[in-house]
Each structure stands twice: as structure tokens, then as C-alpha cells.
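Residues per chain are reported as follows:
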Amino acid sequence: MGTFSLDPDQLARCAELRDFARRHLAPLAEKGEPGRVNRPLVAELGRLGLLDRLFTSGALDLCLMRESLAQVSTEAETALALQGLGAHPVHAYGTEEQRRRLLPEVRAGRAVAAFALSEPGAGSDAAAMELRAEPGAHGQWLLSGEKTWISNAPEADFYTVFARTGAPDSRAGGVTAFLVPADRPGLTGASLDMLSPHPIGTLTFDGVPVTADDVLGEVGSGFRVAMNTLNLFRPSVGAFALGMAQAALDATLAHTARRDAFGGKLKDLQTVAHQVADMALRVESARLTVYAAASAYDEGADGVPRRAAMAKLLATETAQHVVDTAVQLHGARALRRGHLLEHLYREVRAPRIYEGATEVQRAIIARELYKEAAR
């Protein structure tokens, strides 16, 4: 990691976290079943106090945690991040009773959380969601519809669910966030078999009852709950990507320094050395953008949506390039199942899509730039 924006204590904490991850988390991650929630791993994240830090630290610390974990164990990083994404709306918008009931369980790693926003017809255009919250008896709503591409589904213990309480044409203004326990009647789900080994699935809502006690924030303000959560987590998606990119760069430095080729070492070939230099330049540039976006969030500075979108876009696209280049420089060995780069190659593709695809980030950046120019 660079030291431009990090003090010695922060660097030391990152090194300590990588060591913890190697000794305590990576072995548990290796025992997990791909595509399933690894509850022993989540429990260990709780025991080490890492889940508690999701709610007691700022965006920069979240980025440092995710980047450090991703360098060692992408599974541990993802387990941490999904707990934060699913439970942050409860922390930020929940009632005292909701927070008291759920957050200690999340912090301890006993309860698994999930963030249920995407739908079959409303992925990038989240405001087009069709999951309906229809009025029922005794002040209830009944949720009907489907969510898909939901991380930790269908195995989570509770879901932050976004549903339409307003008219179909009200878009963002007619969305409400609900806290939905997994055992509510009418809620079912299924796992999806994905390229990367994350737990991801679909949720089907067949008249699932919710009440005013389940609302997160205010009725009709759910889109703000979703977007504010994403503004916090988007830079840290970039940090996740940075961790993978750094791991690929480190592996490439080691491989090219020891690999014999054409009468010398791979690193002595100018074309190889220049590619490695370009990899390092891109990683460092993306890192500074991620840190700047996270610091802006923590400081309450202007332009957070734009900065968050820039960080997520640049870091995820950078990681894709760096991992791909690392595979090329390693050759066929990197394609063998179980190789670090084979694993990273599968992992690195998804972050360019989730929490807003690259194209969505460009749209956000342009929109915010024009708003700033108009002021």
C-alpha cells in the first residue's frame, strides 16, 4: 500500500489484518462450499471484532479492511462486506428496537444479513423496481414479486428489502425499505450458480406480510436509504478490487523475477518490465482515487456520489486489467484450477457489474458534473 494518505498506525493495522486473515480466516474460507454462506467464517469475523468495525469506523477504514482482506482471502472479504451492506441500513435508519434486536447478532457473526435491491427487470435501473407492497389488513403491507442477484440469498437470516409503496410511475419517490426476517410466511428463495463462488440467489415474495415496525427510515424514502448505503460501499467495492489487483501484482513480481526465459529472467525482458510498471501505476492511481472518495465521505465533503462512482469505476476496471495481464505473464499455469490467478480471474469480473455497473457509474459521474457546473 502507498503511504500518501495513510499514517503509520493505519499501515500497521492493515499489515496486522493481513496476518490475521492468513492465520485465522483463509483456512476457514478454504473449507467453505462455493456458492454457500460460510457461517464458521462469518462467526470468526465476529470473534476477531471485524464485524463490529463495520459500524464503528468510517468509509476509509472500511476500504482499508476490504483491501487488506482481499489481498489474502477474497471469501473473507466478501463475507465481511455482505454483512455490512445488508445491515448498514439497520444501523443508519433502523429504530432503536430494530438496532438492539439485530445488530449485536450481526456484530457477533451469529446473524447473516442481505441487501435485496436488484430485480429481474430492475438491475442497473433500480428505480424501476416492481416488487409491490400492497395494503393488507390491520395496517400491514403484503410484498409480492421477485428479487434476484441477491448476495447471501436464500440463506440470510434477514433482508433489507426495497419495495414499491407508491404508484408504478412514481419511480424513486415511491420506494420503501423494509426489514424482512427470513422466516416470514410467503418468502422463498433459490441459489444461483455463478462464475465467482459467492452465495447469490433469488427471492420470491408471495404476499409476505410486513408492518410499520418493519419499515427502515420513512415510508417513501427507501430509495434514499439504498443510495446512501451504496455511496458508502461503492468506494469499498473499489478497495476490494484493489486488494485483488495488488495480490495479482505481487504474484507477478515474484513470478517474473524467478522465471527463466530467453537466457535470463522474465523481468529482464523490456516488454515484461514495462507491463509490470504499467500494472503498478494503474493500481496506485486507483488506490488514491478510492482513498480520496472514502475520505470525502468521512468528512462530509461535496461531491460524494461523483467521487464514489469514480472510485468504484476506476478500481474495478483497473483490477480487471491487472489480473488479466498477470494471467498473460504467468502463462498456462495461471489457468489451472486452484491457482491464485485462476481464482482472481473469476472473482474480479463481478465487481464491474454489482452495486452499479461501470456504465451506470459513468452516468452518475456525468450527471453530478453537470449539476456542479450549473451551480
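So, here is what we can say about the structure in this document. In this text, all values refer to a predicted model and were calculated from it rather than measured experimentally. (Residues numbered from 1 in each chain as written. Predicted model: local features only at pLDDT ≥ 70, side-chain atom pairs only at ≥ 80, totals over all residues. Heavy atoms only, no water.)

1. Points about the overall build of the chain
Counting its regular elements, the chain contains 11 helices and 10 strands. Computed over its C-alpha atoms, the radius of gyration of the chain comes to 21 Å, within 12% of the 21 Å expected for a compact globule of 375 residues. Its C-alpha atoms give the chain principal-axis dimensions of roughly 80 × 50 × 40 Å. Within the chain, the fraction of its 375 residues that count as buried is 52%. Of all intrachain contacts in the chain linking residues separated by at least 6 positions in sequence, the fraction that spans at least 24 positions is 73%. Taken as a whole, the chain presents about 16,400 Å² of accessible surface, with 53% of it coming from carbon and sulfur. (Helix = DSSP H or I, 4+ residues; strand = E, 2+ residues; numbered from the N terminus. Rg over C-alpha atoms; globule rule 2.2 N^0.38 Å. Buried < 20%, exposed > 50% of the residue type's maximum accessible area, 1.4 Å probe, protein only. Contact = heavy atoms within 4.5 Å. Areas by Shrake-Rupley, 256 points an atom, 1.4 Å probe, with all protein chains shown as cover.)

2. Some thoughts on the nonpolar core
If you look at the biggest cluster of nonpolar residues, it comprises 82 residues, and the most contacted ones within it are Leu 25, Leu 80, Phe 158, Phe 162 and Val 290. The element best represented in this core is helix α7 (residues 222-258), accounting for 15 residues. (Core = buried A, V, L, I, M, F, W, Y, C linked by side-chain atoms within 4.5 Å.)

3. Looking at the pattern of salt bridges
This structure, assessed with the given rule, holds 25 salt bridges. Residue Arg 107 is joined to Asp 52 by a salt bridge in which the shortest nitrogen-to-oxygen separation is 2.8 Å. You can see Arg 107 sitting in helix α6 (residues 96-107) and its partner Asp 52 sitting in helix α3 (residues 50-56), a full 55 residues away along the chain. In this structure Arg 107 comes out as partly exposed when scored by relative accessible area, which is 24%. Measuring nitrogen to oxygen at the nearest pair gives 3.0 Å for the salt bridge that ties Arg 287 to Glu 284. Remark: Glu 284 and Arg 287 occur in helix α8 (residues 270-299); sequence separation between them is 3 residues, near one turn of the helix. Assessed through its relative accessible area of 27%, Glu 284 is described here as partly exposed. In this structure, a network of salt bridges that share partners links the residues Glu 33, Arg 36 and Glu 155. (Salt bridge = Lys/Arg side-chain N within 4 Å of Asp/Glu carboxyl O.)

4. A word on the layout of surface pockets
The space that makes up the largest pocket amounts to roughly 1,200 Å³. Surrounding the largest pocket, 45 residues form its lining, Ser 118, Ile 353, Tyr 354, Glu 355 and Gly 356 being those nearest its centre. Breaking the lining of the largest pocket down by element, the ones donating at least two residues are α5 (74-93), β1 (113-116), β3 (141-151), α7 and α11 (358-374). Tallying contributions element by element places α7 first for the lining of the largest pocket, with 6 residues. For the lining of the largest pocket, the residue count by class is 26 nonpolar, 9 polar and 10 charged. A volume near 450 Å³ is recorded for the second largest pocket. Around the second largest pocket sit 28 residues that line it, and Glu 33, Pro 34, Gly 35, Arg 36 and Pro 197 are the ones nearest its centre. Counting residues per element, the ones that place at least two in the lining of the second largest pocket are α1 (8-31), α2 (39-47) and α5. (1 Å grid on protein atoms, 1.4 Å probe; cavity = no way out; pocket = protein on both sides within 12 Å on 5 of 7 lines; lining within 4 Å. Points joined across faces, edges and corners; volume = space filled by probe spheres on them. Nonpolar A, V, L, I, M, F, W, Y, C, P; charged D, E, K, R; others polar.)

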